[in-house]
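Inside the fold
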Amino acid sequence: MPLILPQTEKPWIVQKYGGTSLGKLLEAITGTIIPQYLDNNNVAVVCSAISGSTKSEGTTSLLLKAVELATSRDGTGREVNEVIDLVRDNHLSICKDMQFGIDVVRNAKVFAELEKGIRSDCEGVRSFLVAAQTIGELSGRAKDKIVATGERLACRVVVASLLSKGINAKLATLDDLVESVYTEDMYKQKLAYEELGPRFFDALAVDIGRRIEECGDAVPVVTGFFGMMPIPLLESVGRGYSDLCAAMCAVGTEASELQIWKEVDGIFTADPRKVPSARLLPTITLEEASELTYYGSEVIHPLTMGQIRNANVPLRIKNVKNPEGSGTIIYPSPSPSNTPKTSSSTSSLTSLNSSDSIASFMQANGYYGSSQSRRAPTALTAKDSIVLMNVQSNRQKKSHGFLAQVFAKLDELDVVADLITSSEQSVSLAISSLDGLAKIERLMQSLEKCGKVEVLQNMVIVSVIGHKMRNMVGIAGQIFSKLASGGVNIYLIGQGASEINVSLVVKNDDAQIAMDIIHEHVLGIPKYDSHAPIYQNGLMKGPWLY
């Protein structure tokens, strides 16, 4: 019989596991990590769809491939069936592997139900895609429904694995969440989404919390997919929606901590694959994490940041391969109206019992005072495959008319500029969303109606991130002088209005040199390991978050 977990006033911890971790390290997750938190905490688990060694081999990618085949003229029913069979067989193989080394007879019912659920889910997708192939099209919401199968399959696997280890667990699906909160009326859903903006998710978080509580003594294993959105989830949120779901679980349960488990030790000062001397950061601010995410490092989904900021929930990034490591913790920035929660759980959590101890911890890691100002930048990141477009006005319009025309052309082609600098008669745009020469050519032809256009390809945005960096006197000058001494030419400079970053555009060939120079001479981290004091604490290495 499964171990019954008594309901107490223990704090909630929400743990989100990525698909690659579930695919490679399921035994460590369900056999070691989750159990070690259960003595002192109520634990809710959120799962992404299981992945292979790469995202392209993962369940979500395979399901999207099946959708593409079903709605394409070139796709055949046989090809669709082969993809669905592969998804099914991958999960049945996991089911088979889970049965080694355990009492199969005692757990026969658990694995029989798992196999039945896997087959049922995959046949449901197959029937859906057969109908789509007949019609020849599939709506965005219908595509969401198919992709959601990946999270449900992963949760079934995790539930079975926990049950086989004597831990009571229960699958919590959220397919009808949006309908439950905002009614089945699509008009009302869209109206709420448009009027509430990010606050649309607040009511969903409350209902998720209620559903988790309904799981009683069992460990709730929650699907990362949280229902049919009024605007398709893959369009409105993107493939990082399971992070947002985990954040809503943390808000709904008033969790003491949200944990995102990956295969990396946390957030680093740079990508260690590019800068070998990069150091693990014990903590960063939420604003810095947001900037790192936007400028090339997949730290955490932006909507997740908003959820935990409003609810004052600390977020910790930890390594499935190194569960005893402290990882990187992100506390919501203090304000007069909030105080970040402290964590109470196993020895792997930092022992912080008050706002004063949090402030001391932040100060020990380079964040001073209530404003959390820094004396040196925190990290740097790079965004590759940038196209730089310089548009010189034909002087037929005033400054505001010229800029309005340029942005209208971008809007027509659904192009978003990552960096912009402008003068009265010219504007420079650094763009990462131009995939392929055809789209570059279309945008260039459109902008030529505004003036002369110069295009530079194979550029990189290098961003230096630091909290309240605008107040760091001389930092920008130091960055530019060091790059000049290293022979790096800068094509565009931009400073975010958020006071968090200084970004610059360089040639791809100069990006590595620029990162090395900034990391060593501006962040103050020696190029090679030494025993000299450094700005950031921690010497643990591991791959950068991506």
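Reading the values: rules and limits
Residues numbered from 1 in each chain as written. Predicted model: local features only at pLDDT ≥ 70, side-chain atom pairs only at ≥ 80, totals over all residues. Heavy atoms only, no water. Helix = DSSP H or I, 4+ residues; strand = E, 2+ residues; numbered from the N terminus. Contact = heavy atoms within 4.5 Å. Areas by Shrake-Rupley, 256 points an atom, 1.4 Å probe, with all protein chains shown as cover. Axes fitted to C-alpha atoms, helices over the stretch in contact; angles between N-to-C directions. Parallel < 35°, antiparallel > 145°, perpendicular 65-115°, else oblique. Left-handed = near helix turned anticlockwise from the far one by under 90°. Pairing = 2+ DSSP bridges. Buried < 20%, exposed > 50% of the residue type's maximum accessible area, 1.4 Å probe, protein only. pLDDT = per-residue confidence, 0-100. Right-handed = clockwise from strand over helix to strand, strands pointing away. Arc of directions from axis to C-beta. Core = buried A, V, L, I, M, F, W, Y, C linked by side-chain atoms within 4.5 Å.

Within the protein chain, the secondary structure is distributed over 17 helices and 14 strands. Here the analysis covers contacts within the protein chain between residues at least 6 apart in sequence; of these, 76% occur between residues at least 24 apart. Entry remark: accessible area of the protein chain is about 23,700 Å², with carbon and sulfur atoms responsible for 51%.

Quick look at the packing of helix α8 (residues 200-213) against helix α10 (residues 241-252) now. One can describe the packing of α8 onto α10 by two numbers: an axis separation of 7 Å at closest approach and a directional angle of 70°. Here α10 runs roughly perpendicular to α8, going by the angle between their axes. As α8 runs across α10, the sense of the crossing is right-handed. Packed against α8, whose contacting residues are F201, L204, A205, I208, G209 and I212, the element α10 presents L244, M248, C249, V251 and G252 at the interface.

Now for the sheet that holds strand β12 (residues 451-465). The antiparallel open sheet is built from 6 strands, whose spatial order is β10-β11-β9-β12-β14-β13. Pairing within the sheet leaves two strands with one partner each, and these edge strands are β10 (417-422) and β13 (492-495). The sheet shows a mean angle of 30° between the axes of neighbouring strands, taken without regard to direction. Sheet topology note: the β12/strand β14 (residues 501-507) ladder contains 7 bridges and is antiparallel. Each bridged residue has a counterpart across the sheet, and for V460 the counterpart in β14 is V506. Running over the sheet, helix α15 (residues 437-447) touches β9 (379-393), β11 (426-431) and β12 and is turned about 120° from β12. Helix α16 (residues 475-485) contacts β12, β13 and β14 of the sheet and is inclined by roughly 20° relative to β14.

What follows covers the sheet that holds strand β4 (residues 219-223). With mixed pairing, 8 strands are arranged side by side in an open sheet as β3-β4-β2-β1-β5-β7-β8-β6. On the outer flanks of this sheet lie β3 (169-172) and β6 (283-285), each paired with one strand and no other. Strand after strand, the sheet turns through a mean of 25° between neighbouring axes, direction not considered. Relative to β4, strand β2 (residues 42-47) is paired through 3 bridges, and the arrangement is parallel. Each bridged residue has a counterpart across the sheet, and for V46 the counterpart in β4 is V222.

What follows covers the environment of I300. Here I300 is to be found in the loop between α11 (286-294) and α12 (302-311). You can call I300 buried: its relative accessible area is 4%. C-alpha of I300 to C-alpha of I260: the two residues are 40 residues apart in sequence and 8.7 Å apart in space. Beyond its immediate stretch of four places on either side in the chain, I300 contacts D243, I260, T293, M305 and L315.

Low-confidence regions, as indicated by low pLDDT, have predicted coordinates that should not be scrutinised in detail. A residue-level look at the protein chain finds 87% of positions with pLDDT of 70 or above and a mean pLDDT of 84. Segment residues 1-7: pLDDT under 50, and 17 contacts once partners within four positions in sequence are set aside and those in other chains are kept. Confidence drops under a pLDDT of 50 for residues 530-546, and excluding neighbours within four residues, the segment shows 57 contacts in the predicted structure.

Now for the pairing of strand β1 (residues 12-17). The buried fraction of β1 amounts to 6 of the 6 residues, a majority that puts the element mostly inside the structure. Side chains W12, V14 and K16 project from β1 onto one buried face, and the interleaved I13, Q15 and Y17 project onto a second face that is buried too. As paired elements, β1 and β2 share 6 bridges and run parallel to each other. Note that in β2 the partner of Y17 across the bridge is C47. In this view, the connection linking β1 to its parallel neighbour β2 by way of helix α1 (residues 19-38) has right-handed handedness. Bridge count between β1 and strand β5 (residues 257-262): 5 bridges; the pairing is parallel.

Right, let's get into the side chain of Q307. Structurally, Q307 can be placed in helix α12. Every residue in contact with Q307, bar those within four places of it in the chain, is listed here: P198, F201, D202, A205, L244, A247, M248 and V251.

Those residues of helix α7 (residues 186-196) not exposed but buried are Q189, A192 and Y193. Taken down its axis, α7 places every buried residue within 100° of arc, on the same side. In α7, the exposed residues that point more than 90 degrees away from the buried face are Y187, E194 and E195. Buried residues belonging to α7 abut α5 (140-164), α6 (177-182), α8 and α9 (233-236). Just past α7, the residue G197 takes up positive phi, approximately 60°.

In this structure, V14, F200, F201, L204, F226 and L258 are the most contacted members of the largest nonpolar core, which totals 61 residues. The biggest single contributor to this core is α10, with 8 residues. Beyond its immediate sequence surroundings of up to four residues, F200 is in contact with V178, Y182, Q189, A192, Y193, M229 and P230. Listed in part, the 49 residues of the second largest apolar core include V83, I84, L153 and C155.

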